[in-house]
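# Examination of the molecular architecture
Chain by chain, the residues:
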Amino acid sequence: MALRREPASGNSLDSPVKQIQIEGLVVMKIIKHYQEEGQGSEVVQGVLLGLVVEDRLEITNCFPFPQHTEDDADFDEVQYQMEMMRSLRHVNIDHLHVGWYQSTFYGSFVSRALLDSQFSYQHAIEESVVLIYDPIKTAQGSLSLKAYRLTPKLMEICKEKDFSTEGLKKASVGYENMFEEVPIVIRNSHLINVLLWELEDKSTVADKHELLSLSSSSHLEKCLQMLMDRVDEMSQDIVKYNNYSRSLSKQQQQKHQYVQRRQQENAQRQSRGEPPLPEEDLTKLFKPPQAPPRMDSLLIAGQINTYSQTVKEFTSQNLGKLFMAEALQGQGS
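Residues numbered from 1 in each chain as written. Predicted model: local features only at pLDDT ≥ 70, side-chain atom pairs only at ≥ 80, totals over all residues. Heavy atoms only, no water.

Another aspect to go through is the overall build of the protein. For the protein, the helix and strand inventory stands at 11 helices and nine strands. Contacts in the protein between residues far apart in sequence, at least 24 positions, make up 75% of those at least 6 positions apart. Counting only carbon and sulfur atoms, one obtains 53% of the accessible surface of the protein, whose full area is about 20900 Å². (Helix = DSSP H or I, 4+ residues; strand = E, 2+ residues; numbered from the N terminus. Contact = heavy atoms within 4.5 Å. Areas by Shrake-Rupley, 256 points an atom, 1.4 Å probe, with all protein chains shown as cover.)

Printed below as a string of structure tokens:
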């Protein structure tokens, strides 16, 4: 359990974490982990270590999950984590578990696996967060590292395991309020800041102007392709739900007709002085069709929203570059 120091005012907070402070070394370790073991769409994951000070989560260290194949059936991840944290404690390094990190491929991280993992972490350790590192966007010139937590409403839904339409509607849970993003501040020591200044002075002019590159068609094309795939999945899910609604409506009509027929037969039997027919359990005669899970639809909608935001950010940056290039070309001519 993460060490948490209560605020001086003593007031309870709506959310235990309002801000995340990450050591620059942790960011470098996450990037290095992906560069060494991540290939294309392959996801790399690891554990975050640190402590909680009032409403600020300080992430001071991390270590990766090792890659293992089906042949390593006897590998125990929990035992591996415990041994790593025990070793860090022996050398006086922060060893308190505060969350986990994961890489993403073109922003495709909103999934059932991430939801289940973050629920397990957040249920066991209230302050847990998940860091999402996007190497594709980082390669475009800006570090993409975001922290997410499950909202309290979604935590309650996951605890009750009620993912039906009525349960989600009652809890007012939609794709826009499934995850909450926590602001990140990257902290470096003074020596590291000095080193960064020296490295920047030594960098070549060509490297400094890579951000002005206008070639972006492949990245944008891939984002749009993945967005179209998610829209197709949403369309198929809507068709399944419409079929379920029609089946349910048809069954309700059949049940209503059966009850009316039964009432008419009992009325005729009563007029002939005969006893009424025994009552039957309608739930056994008319088994309701199984409702499709709605959580999958929410996750698809959330992923579509993430792709849309990525495309919006990317196109806005490119439009700025194009307008700037047009202005420079006009001045040159």
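With that settled, the discussion passes to the environment of F314. Residue position: F314 is located in helix α11 (residues 295-332). For the pair F314 and K137, spaced 177 residues apart in sequence, the C-alpha to C-alpha distance is 9.1 Å.

Another point: the nonpolar core. In this structure, L154, M178 and M295 are the most contacted members of the largest nonpolar core, which totals 29 residues. Listed by contribution, the elements that provide at least two residues to this core are β3 (45-53), α2 (77-90), α3 (112-124), β6 (129-133), β7 (145-150), α5 (152-160) and α11. Excluding residues within four positions of it along the chain, M295 makes contact with R112, L115, L154, I157, F163, L168 and M178. Counting 22 residues, the second largest nonpolar core, distinct from the first, contains I22, L48, Y133 and L145. (Core = buried A, V, L, I, M, F, W, Y, C linked by side-chain atoms within 4.5 Å. Buried < 20%, exposed > 50% of the residue type's maximum accessible area, 1.4 Å probe, protein only.)

Here we take up the pattern of salt bridges. One pass over the structure, following the stated rule, counts eight salt bridges. Between D296 and R112 there is a salt bridge whose closest N-O contact spans 3.6 Å. On the criterion of sequence distance, the pair formed by D296 in helix α11 and R112 in helix α3 is long-range, its members being 184 residues apart. Of the charged contacts, one joins R294 and D237 as a salt bridge, the two residues approaching to 3.4 Å between their closest N and O atoms. Of this pair, R294 sits in the loop between α10 (282-285) and α11 while D237 sits in helix α9 (residues 217-271), and the two are 57 residues apart along the sequence. One salt-bridge network, held together by shared partners, links R112, D116 and D296. (Salt bridge = Lys/Arg side-chain N within 4 Å of Asp/Glu carboxyl O.)

Averaged over the protein, the pLDDT score is 80; the fraction of residues at 70 or greater is 86%. Across residues 1-13, confidence stays below pLDDT 50; counting only partners more than four residues off in sequence or on other chains, it has 25 contacts. (pLDDT = per-residue confidence, 0-100.)

Take a nonpolar patch on the surface next. A cluster of nonpolar side chains, namely I192, L195, L196 and L199, defines an oily patch on the protein surface of about 340 Å² accessible area. Locating L199 in the fold gives a position in helix α7 (residues 190-202). (Patch = residues over 30% accessible without salt bridge, like charges linked within 9 Å, V, L, I, M, F, W, Y side chains within 5 Å.)

Inspection of α5 places L154, M155, I157 and C158 among the buried residues, and these make up the whole buried set. Seen along its axis, α5 keeps its buried residues to an arc of 160 degrees; they face one direction. The outward face of α5, more than 90 degrees from its buried face, is lined by the exposed residues P152 and E160. Of the residues flanking the end of α5, it is K161, one or two places downstream, whose phi is positive at about 55 degrees. (Arc of directions from axis to C-beta.)

Positive phi outside glycine occurs at E54, with the angle close to 55 degrees. With respect to the helices and strands, E54 occurs in the loop between β3 and β4 (56-64). What makes E54 partly exposed here is its relative accessible area of 38%.

Our next topic: the environment of R149. Topologically, R149 is positioned in strand β7. We classify R149 as buried; its relative accessible area is 4%. With 132 residues separating them along the chain, R149 and V17 place their C-alpha atoms 9.2 Å apart. Here the side chain of R149 touches E126 through a polar contact of 2.8 Å, landing on its backbone oxygen. (Polar contact = N/O pair within 3.5 Å; in protein donor to acceptor, adjacent residues only side chain to side chain.)

Our focus in this paragraph is the packing of aromatic side chains. What the rule picks out here adds up to five aromatic pairs. Seen in terms of ring centroids, Y34 and Y133 are 6.3 Å apart; in terms of plane orientation they differ by 70 degrees. Their pairing is edge-to-face. With Y34 in helix α1 (residues 24-37) and Y133 in strand β6, the pair connects residues that are 99 residues apart, well separated along the chain. Of the two residues, Y34 and Y133, both sit in the buried class. Clustering of aromatic rings is evident, with ring pairs tying together F109, Y148 and F179. The positively charged end of R294 is found above the aromatic ring belonging to Y241, 4.2 Å away from the centroid. (Phe/Tyr/Trp six-rings, centres within 6.5 Å; stacked < 30°, edge-to-face > 60°. Lys NZ or Arg CZ within 6 Å of the ring centre and 35° of its normal.)

For strand β5 (residues 97-103), the buried fraction is high: seven of the seven residues fall into the buried class. Relative to β5, β3 runs antiparallel, the two being bridged by five bridges. Counterpart to L49 in the pairing with β5 is H97. When β5 meets β6, the two strands line up parallel, connected through five bridges. Note on β6: the bridge partner recorded for Q102 is I132. Assessed by its sense of winding, the connection that carries the chain from β5 through α3 to β6 is right-handed. (Pairing = 2+ DSSP bridges. Right-handed = clockwise from strand over helix to strand, strands pointing away.)

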